[in-house]
Every structure is written in structure tokens, then in C-alpha cells.
Amino acid sequence: MNIFKYFGEVFGAIRSLWAGMRVTGYYSIRPGKVVTQKYPENRKKLIIAERFKGEVIMTHDANNQHSCNGCGICEMNCPNGSIEIISNKITNAEGKSERVIDKHIYHLSMCTFCSLCIKTCPSNSITWGHDFEHAVFDRNKLTKVLNQPGSSIRKEIKEVKETKEA
Amino acid sequence: MDFNIYDFTSFTTWVHNALTSSMSPGWAMFVELAIVGVVFIAFYAVIGLYLVYAERKVCALIQNRKGPNRVGPFGLLQTIADLFKLLMKELIYIKNADKFLFNLAPFIVIIASFMAIAALPFAKGLHAIDLNIGIFYLFAVSSLGVIGILLAGWSSNSKYSLIGAIRSGAQVVSYELSVGLALLSIVIFSGSMQLSTIVESQANGWWIIKGHIPAIISFLIFLVASTAETNRGPFDLAEAESELTAGFHTEYSGIKFAFFFLAEYMNMFIVAAIAATVFLGGWMPFHIPGLDGMNHVMDYIPPFVWFMGKTAFIIFIMMWFKWTFPRLRIDQLLKLEWKYLLPLNLMNIVLIAFIVLMGWYIK
Amino acid sequence: MEEIFQDIIIKKSDDYIINMGPQHPSTHGVLRFELCLLGETVKYIIPHCGYIHRGIEKMCEKNTYQQIIHLTDRFDYLSAHMNNEAVCLAVENALEVEVPERVKYIRTILAELNRIASHQLWWCAFGMDLGALTTFFYGLRDREPILDIFEESFGSRLLHSFNCPGGLMHDVHPNFQKKIKDFIKYFRKILPEYDQLLTGNIIFQQRSIGMGILSKEDAISYGVTGPSGRGSGFKCDVRKHHPYSAYSKVDFKEILYTEGDTFARYKARIDEMWESLNILEQLVDNMPAGDYTVKMKPIIKLPAGDYFQRVETARGELGCYIVSDGNKNPLRVKFRTPNFSNLFIINKLASGNKIADLVAISGSLDLVIPDIDR
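Criteria and cut-off values
Residues numbered from 1 in each chain as written. Chains lettered and ligands numbered in written order. Predicted model: local features only at pLDDT ≥ 70, side-chain atom pairs only at ≥ 80, totals over all residues. Heavy atoms only, no water. Helix = DSSP H or I, 4+ residues; strand = E, 2+ residues; numbered from the N terminus. Rg over C-alpha atoms; globule rule 2.2 N^0.38 Å. Buried < 20%, exposed > 50% of the residue type's maximum accessible area, 1.4 Å probe, protein only. Contact = heavy atoms within 4.5 Å. Areas by Shrake-Rupley, 256 points an atom, 1.4 Å probe, with all protein chains shown as cover. Lys, Arg positive; Asp, Glu negative; His and termini not counted. Charge placed at Lys NZ, Arg CZ, Asp CG, Glu CD. Salt bridge = Lys/Arg side-chain N within 4 Å of Asp/Glu carboxyl O. Expected span 1.5 Å × (residues − 1). Pairing = 2+ DSSP bridges. Axes fitted to C-alpha atoms, helices over the stretch in contact; angles between N-to-C directions. Buried area = accessible area lost by both parts, 1.4 Å probe. Polar contact = N/O pair within 3.5 Å; in protein donor to acceptor, adjacent residues only side chain to side chain. Nonpolar A, V, L, I, M, F, W, Y, C, P; charged D, E, K, R; others polar. Left-handed = near helix turned anticlockwise from the far one by under 90°. Parallel < 35°, antiparallel > 145°, perpendicular 65-115°, else oblique.

Draft legend 1. Highlighting the overall build of chain C. When helices and strands are counted, chain C shows 16 helices and 8 strands. The globule rule puts the C-alpha radius of gyration for 374 residues at 21 Å, and the 21 Å found for chain C is close to it. Along the longest, intermediate and shortest principal axes, the C-alpha atoms of chain C span 65 × 50 × 35 Å. By residue count, 64% of the 374 residues in chain C fall in the buried class. The long-range share in chain C, meaning contacts at least 24 apart out of those at least 6 apart in sequence, stands at 71%. Accessible surface computed for chain C: about 13300 Å², of which carbon and sulfur atoms make up 55%. Counting 44 positive and 48 negative side-chain charges, chain C places the averaged centre of each group 3 Å from the other.

Draft legend 2. Examining the pattern of salt bridges more closely. Going through the model one piece at a time under the given rule, you end up with 43 salt bridges over all chains. Across the pair D82 of chain B and R56 of chain B runs a salt bridge whose closest N-O atoms are separated by 3.0 Å. Of the two residues, D82 of chain B is situated in helix α3 (residues 78-88) and R56 of chain B in helix α2 (residues 25-62); the sequence distance between them amounts to 26 residues. Taking relative accessible area as the criterion, R56 of chain B reaches 31% and is therefore assigned partly exposed. A salt bridge links R102 of chain C to D171 of chain C, with the shortest nitrogen-to-oxygen separation between them at 3.3 Å. With R102 of chain C in helix α5 (residues 101-129) and D171 of chain C in the loop between β5 (167-168) and α7 (176-199), the pair connects residues that are 69 residues apart, well separated along the chain. Residue classification places R102 of chain C among the buried residues on the basis of a relative accessible area of 13%. A single salt-bridge network, built from bridges that share partners, covers E112, R115, R230, D237, R239, E272 and E312 of chain C.

Draft legend 3. Seen up close, α5 of chain C. An ideal rise of 1.5 Å per residue puts 42 Å on 29 residues; α5 of chain C measures up with 42 Å between its terminal C-alpha atoms. With 27 of 29 residues buried, α5 of chain C is to be regarded as a mostly interior element.

Draft legend 4. Region of interest: the sheet that holds strand β4 (residues 97-107) of chain A. Residue and element names in this part refer to chain A. Judged by pairing direction, the sheet is antiparallel, and its 3 strands sit side by side in the order β3-β4-β6 without closing on themselves. The open sheet is flanked by β3 (83-91) and β6 (143-145), the only strands paired with a single partner. Strand-to-strand twist of the sheet, defined as the mean angle between neighbouring strand axes without regard to direction, takes the value 25 degrees. Across 3 bridges, β4 lies against β6 in antiparallel orientation. Among the inter-strand pairings, I105 is bridged to a residue of β6, identified as V145.

Draft legend 5. Representation of the environment of S215 of chain C within the structure. Residue and element names in this part refer to chain C. The residue S215 is located in the loop between α8 (202-208) and α9 (216-222) in this model. The partly exposed category is assigned to S215, whose relative accessible area is 28%. Taking the C-alpha atoms as reference points, S215 and G233, 18 residues apart in sequence, are found 8.3 Å from one another.

Draft legend 6. Spotlight on the interface of chain C and chain B. Counting residues at the interface gives 33 residues for chain C and 26 residues for chain B. When the two sides are added together, the surface that chain C and chain B hide from each other amounts to roughly 2600 Å², 58% of it contributed by carbon and sulfur. Here D357 of chain C ties to R329 of chain B by a salt bridge, and the two come within 2.8 Å at their closest N and O atoms. Seen at the junction of chain C and chain B, the total is 9 residue pairs in polar contact (both at pLDDT 80 or more). Those elements that place two or more of their residues in the side of chain C that touches chain B are β1 (16-20), α5, α6 (134-154), α7, α8 and α15 (355-364) of chain C. For the side of chain C that touches chain B, a count of residues per class yields 20 nonpolar, 7 polar and 6 charged.

Draft legend 7. Highlighting unusual backbone geometry. Backbone geometry at N124 of chain A places phi at a positive 50 degrees, although glycine is not the residue there. Structurally, N124 of chain A can be placed in the loop between α3 (116-120) and β5 (126-129). Note on N124 of chain A: relative accessible area 43%, which makes it partly exposed. Backbone geometry at N64 of chain B places phi at a positive 60 degrees, although glycine is not the residue there. Tracing the sequence through the fold places N64 of chain B in the loop between α2 and α3.

Draft legend 8. Spotlight on the sheet that holds strand β6 (residues 305-313) of chain C. All names here are of chain C. Read across the open sheet, the 3 strands follow the order β6-β7-β8; overall the sheet is antiparallel. Bordering the open sheet on either side are β6 and β8 (332-336), each of which pairs with just one other strand. Sheet twist, expressed as the average angle between the axes of neighbouring strands with direction ignored, equals 15 degrees. As paired elements, β6 and strand β7 (residues 316-324) share 9 bridges and run antiparallel to each other.

Draft legend 9. Main features of the interface of chain A and chain C. Listed by partner, the interface residues are 25 residues for chain A and 29 residues for chain C. Summed over both sides, the interface between chain A and chain C buries roughly 2200 Å², with carbon and sulfur atoms accounting for 57% of that surface. For the chain A face of the interface with chain C, the top three residues by lost area are V23, Y27 and R51 of chain A, together amounting to 27%. One can count 0 salt bridges joining chain A with chain C. Inspection of the region where chain A meets chain C yields 9 residue pairs in polar contact (both at pLDDT 80 or more). When residues of the side of chain A that touches chain C are traced back to their parent elements, those giving at least two are α1 (3-28), α2 (73-77) and α3 of chain A. Its residues assigned to classes, the side of chain A that touches chain C comprises 14 nonpolar, 7 polar and 4 charged.

Draft legend 10. Geometry of the packing of helix α10 (residues 212-229) of chain B against helix α14 (residues 303-322) of chain B. All names here are of chain B. Packing of α10 against α14 brings their axes to within 11 Å, and their N-to-C directions diverge by 60 degrees. Considering only the axes of α10 and α14, their crossing is right-handed. For the pair formed by α10 and α14, the contact residues are F219, L223 and T227 on the first element and I314, I317, M318 and F321 on the second. Here the residues of the contact of α10 with α14 sort into 6 nonpolar, 1 polar and no charged.

Draft legend 11. Representation of the packing of helix α12 (residues 262-284) of chain C against α15 of chain C in the model. All names here are of chain C. At a closest axis distance of 9 Å, the pairing of α12 and α15 adopts a crossing angle of 30 degrees. Accordingly, the angle class assigned to the pair α12 and α15 is roughly parallel. In this structure, α12 crosses over α15, and the sense of that crossing is left-handed. On α15, the residues touching T262, R265 and R269 of α12 are A360, I361 and S364. Taken together, the residues of the contact of α12 with α15 break down into 2 nonpolar, 2 polar and 2 charged.

Draft legend 12. Representation of the environment of S196 of chain B in the model. Topologically, S196 of chain B is positioned in helix α8 (residues 195-200). Apart from residues lying up to four places away in sequence, S196 of chain B is in contact with H127 and D130 of chain B.

Limitation: the analysis is restricted to geometry and does not speak to function.
Next comes the structure, spelled out in C-alpha cells:
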């Protein structure tokens, strides 16, 4: 082997190693470049995107009313069977029988966050919640009832539907 | 009692005299050994644990992370918590392992690194034994550790462990040469193998400055070779995580794994301390001839701080290596030693002998 | 014929066998390599897959076409968008629906963003395979802005079932263009750092140049596509040769290397990141206004027949083959996933090399295990 080639190789190697060490050395003396966040401490300041898919929730207004009429389209569209709707037939004041939801059950453990239920909901009654801390010790706690106890259906549901179609 | 932070000779003499005056010389010797042992065990534990912490902080900074910050202020107690976790973990026994050797191996590794501390001069007059063949002793002891690694790999009766152990054997045997030859260059310069004499010879300047180019070359070679000898950095083939899962200590758990882990960090400390002693003047302060004012300021810093500071600097460089470079392959590792480091080292030694003969170094 | 029979492995009883995986740091998932070793040298490799088989193709037969989309996210989770796109394009072509221009542009932008994110993750994992642990964090750090863009627009970072037959689920976020421009600026500055840290490094070059040479003939006969195939000079870029979405409107190079070794595959991916940035720059300012979807029937029924669509994912060519009998569910769905074909070249590439080379080679093929097993 040519002696100059040999030393050339050695110096080339040292130069290439130094190039890498410059990059890591640059960051090692710059604590300002640290990207890690301290998670539980910064919980208050967390910026969560408005479209973040945390879990499916049902929106209730101030009167504890929701707009779900129990049509079952979300249940039908869910690919994993994460949604179960238990509905009752009641007779309203006008004497007509009407369908109201008893329980809108949502299995978070089976949900794959495809947002088909929310996209297809005709009355816009379910939406994405921003909660992301879902860890629990008991799997059963991941089965949630979305309509709050004592809630009832909002009456202007018909109009909501029409505005959506328009 | 005359305790002087700049010179421990009188302090150690006082301890010796106090002991010999109150008991027979045999007992005094025994008590002295016990004191040194206890001090070194405490030192070993503290240094080992805080090197792990330092490594985690350094690599975190390099990688734009925060590193340990939960246990204690700035995470300072993190490694102690880890130690307690490892102490409480189950020691898993391998069914077809060679029980005796399997249990012996971590102790051999840790004892080998423990023995090397004895010869290190931490400050003036602060060393356990000042052998007149100090460097020779350090070579001999630092290569004992590989026996433990080989035994660990062989006795766990696991294929990954065996490959890791054999790799480690090949690696340490080869790089031992370069480490030895690199240190030999300073032995030529200083004309002594006694560590205290080598340190004293650097009172007017460190060998890396006095010995100029050849000393710098042998310093670089020593850095590379000693990183390889401690199975660290780009040379961690023995435990190559992405190839052999954990190499020779795959089958170890609990405190026995912690022994290997601590020994790795202590070995790093020891080679850094050797480099600091031999090339960077050990506990000698930094002096520039002529600038008396600055030299006096440097003298105020205690020698122990000088020694630890230099060691920490070299440890930082070794960590910097580890977190920057990809790992070598086994054949490249051996090629690097036998085709590059060893010939360069031999040439360098001839050059140094010539320079010393002609007196072309800063005296 | 002889060529093919060379690959048949004859096991002997005294072979020194090591199981690499299913739980191993460098197989990137639950893949198992059965290695026969001669010292450090690998004699042969038998890949065993199926540890994460979920039967997605069978599940597709029970689902409607809208519901299939979210399953396709789950095979190559790093190029989720391209997988979605394959099914959507197949259904749209079958129904002869023309999607709005805006949808085409957004899909292309997303595909390229996803490709960059995937290559970044590959880069950092590849560095880690070779023992350079710092690359892992740099890659993940630079991937974060992309994931933030995804999160802002679709609500999820990795598996964003954002496509649906006929267009998109909803329109992108108003910040979308601005954030992409910021990212392009940021990443153009940071990408040379990758080269300093790894590409130019002498140890890295020694480990990768000339290792695991894949000839063009083998790449074609094994169906190795994507950057791995293009590293061997196999012109297989679907974006270039069978353009879909907005790829016919942009000007980009097909990255080709002829060496076929690990380093060529590495360089092909690094260059693809540059090329993706170019594509993004051309598209992001010219996004036409318009609708984000065309109105589709709630229940899609494809006319009886079979339909095929291929797209270029970050790892190669993904084919989606749908057989329909006119019902709302497909009769049979078959996905030709790139990693399944890319995996089985590994015996040819790595046998005869060292264990460390096997790790490097399997890293350079960029295997994503759920994509192999589906």
C-alpha cells in the first residue's frame, strides 16, 4: 500500500469523525435546543389541536339536553361495533309514540378513531372530545355511556337536520 | 494532626504513626488495609453511580432531551433509586448454566476494576500503593476483567452471550497492545514506571504539551484503544444491543447485572484517570512558565480537584464518542487495531525514542 | 432455473442456529429470523413472519368500502395516508368518479409529507441499528413538525383515516399551507446535518458500502420495489411511471442508484427526502380552491368486476385489488404490500456476511412488520 494513501485514509477518517462530533457537540452545549416537555407539569398549558380525536363524546347543552334521536346510523357505520344504542319507545304529550335513547354506549377499548360515526351522524349529536388520558386499571371503565343521566332530547332536532341538509 | 489539602503525605504519615503507636505493626497494617478498603468501596459506589447519571445527562443533552429529572433535584438521586430497584429484583437462575462460574463472573469483573483504583494517585500523597512499576501493574490488572466477561458469556449457556464474550476476548486482547504502547511512550519521556514520579515529572508542564506531536498522537491512540478496552462507545461489540440484545450479560439480572454495569463505568473512570495522570499531569496544576500570577492562582485549586477535573474531561470525550459514532463490525475492529493503530503506535514509539535521545522535547 | 433453486435452504442437524426475534431490538417488531451461524458469519437466514397477522384482508370482506379505509392504516402505519389513498383511488376509479382538483393536490401533499416522516423514522432507526444512538432522537425530533401538521388537520398523528372514497373527510386546517412552508424551511436546513452525522462518517461508510449487493435482476424477480429497488437501478417509481393524483402535474426526479448495496439504498432514501421537499414546494402554493369531496351515496356498491390500483408508499409499491360482486361489501380484497416482497430478499443479501451486516441490511430494507403480516 502506498504510504501517502495510508496516511490520507487516516486523516480522511479523522476528518469525517470530527464532522459528526461537531454536530453532537453543537447540541451538547445548547440546553436551549431541548425539545422534551415535562408532561404532567405542563398539563395546564398543553396545546391540543381543535380537531384532536380523543374520544367520542355527546354534546349536551346547559339544560342537559342532547340532540341524539337514536337513529342508529353511527352504530351501523362503526366498523368495530364500538357503539351500541339502547332506545326506548315512549308516548309523548301528543299521544304519538316516539323513540328516545336510553343509553348510548361507547366502547373506547374497541374504537379505532376512524370518525365514521361522527361524519355520518345526521343530527350532529356526537363529536370528538379532547381528553387523551385514557389509562385505567379496569377494562370495564372504558365502556362509557355517552348521554348524561337525566338528559333528554332537544326538541328543535328537526330544524338542525334541515339546516344540515341545506 | 496536620491536614493539608495540597499535600496528603503528612496526613497519611500521621494516621500511620497513630496506628502503629497504639497497636502491633501487624494489626496496624490490617487496620490500614481495612480503612483503605472501606474508603475505596464508598468511592467506587459513589463514582460508579454518578457516572451513570452523568452519562445519562450528557447523552440527553446531545440528543436534545432533558435526561433524568424526577428523583431528587435535577434527578440526582435517580441512579440510587435504580440501584435499589436492581437490588430488589429477582436473580434469575439459568437451568443449564454453570452455576459456580455464572455467579463468579460478575465478581471477577468488579474486582479487576477495583484493583486498578489502588495504584491511582488522586493527589499528592493520596494513593493506596505507590508501586515502582505502577503502569505495569495497571496493564496487568485492567486486562483481568476480560476473564470475567469470557466466563460470563461461556457459563450462561446462551448463544448470544457466547458470541458477545468471544468478541470481547478478541477485542480486549488486541487493544491491550495499543494501550500498553501508548502508555510506553510517556514512560520513555519520563523515564519511570512509577506513577508518582511520572506526575512529578510534569510539574513544569504536562507531557501532552512537553511531548508535542508524538505525545498528542499517543494520547489519541490511547483514547481510542482504551475506549475499545472498556467495551464502550463505538466499540461496544461485546454487548452490541442491536445485534446481540445484550451480549455477554444477556442472562444476568438484578444486582449481578448491576455489577457488570457499574464495572463498565468504573473501567471508564480508571482509563480516564490513567490518561489524566500520564498525559495531562495528574493532580498537577496547569502552569505556564513565566506567568507567575496565573500559576499561583492555579496552585490554589486543590490537586484533587485538578485530578477529578481532568478525568471528567476525558470521560466527557469518551461519552461524546459513544453518542456520536455507529458501531464497528468485528473484522473492522480488528483491522483498525492491527492495520492502523499498532503500526502508527510503533512508528510513534520509534519517533519518541529518537526525540528523547536528541532532547527535542520541552524539558 | 438454477438461479431460483440456489435459494432453497438445506438445514443440517449440527447447524448453529440462533433465533433473532420475535423480540429483538433490531427486527423492529415481531419478526423472527432463524439464523445459522458459522462463527460470526451468517450461513443462511429463514425469515418467519405471521406473528402480527390480523387478517385484514378477510376483515375487509365484512366491511363496507368506507370502513375498509381505516383498516388499511394498520398495515404500513408509517405510510398510512398512501395506504388509504390506494383503496380510495380503486373505489373512485371503479365508480368513475372524478374527484376535485383540490383533493388531488391535498392527497399528494399528504403523501409526500408522510413519505418524509417515514424516511425520517427509517433514518433514525437505521442509525440505531448500526449503533449510532443519537440519530434516533434527531430523526424523531424532525418528524414532530410533520405530525403536528397532521394532528392539526385530521386530529391524529399516525393513523389518520383522512381519506374517504370521493375525497377527504373534511377540509384541511387553515394553517395547513403556512405550516408546511415553515417545515420545508426548517428541514432544508437540518437535512445536511444528517449527512454530517451519518452519511459521511467513515465507520458508517465502511459498514454500508459494498454490503448486501442486490442486483437489478434479483430486484425485479423478487419484486423489491421502492427505494430499496431503486437503489439497484430498478425503475419502479409508480409516481413517475403510472402517475395518480397530482403527480402528473409536478416535476420531480426518480432517484436511481445502480450500486445496489446498503449505501445505495440509504442514499436513495436521503435523496427522496430532498425530492419530496421539491414536490411539496411545487404543490403547496398552487393548491386550488374548491370542494374537499364529491357527494357519494351513503352505501357504495361497486359494479361487479375486479379493480386494481397501485400507489407508491414510502417502502415501495402497494397494490390494492378489489373483486366486487355488486354488493356493498367487496367479495375479495388483496393487498400487495411492499414489505412482504422486500423481506424475502434478505437471505440472498445477508448470507455470507456477518451478523452486524445482517442488521444493517435488514435496516436498509426498511421493514415494517405489520405490513408484512397484514
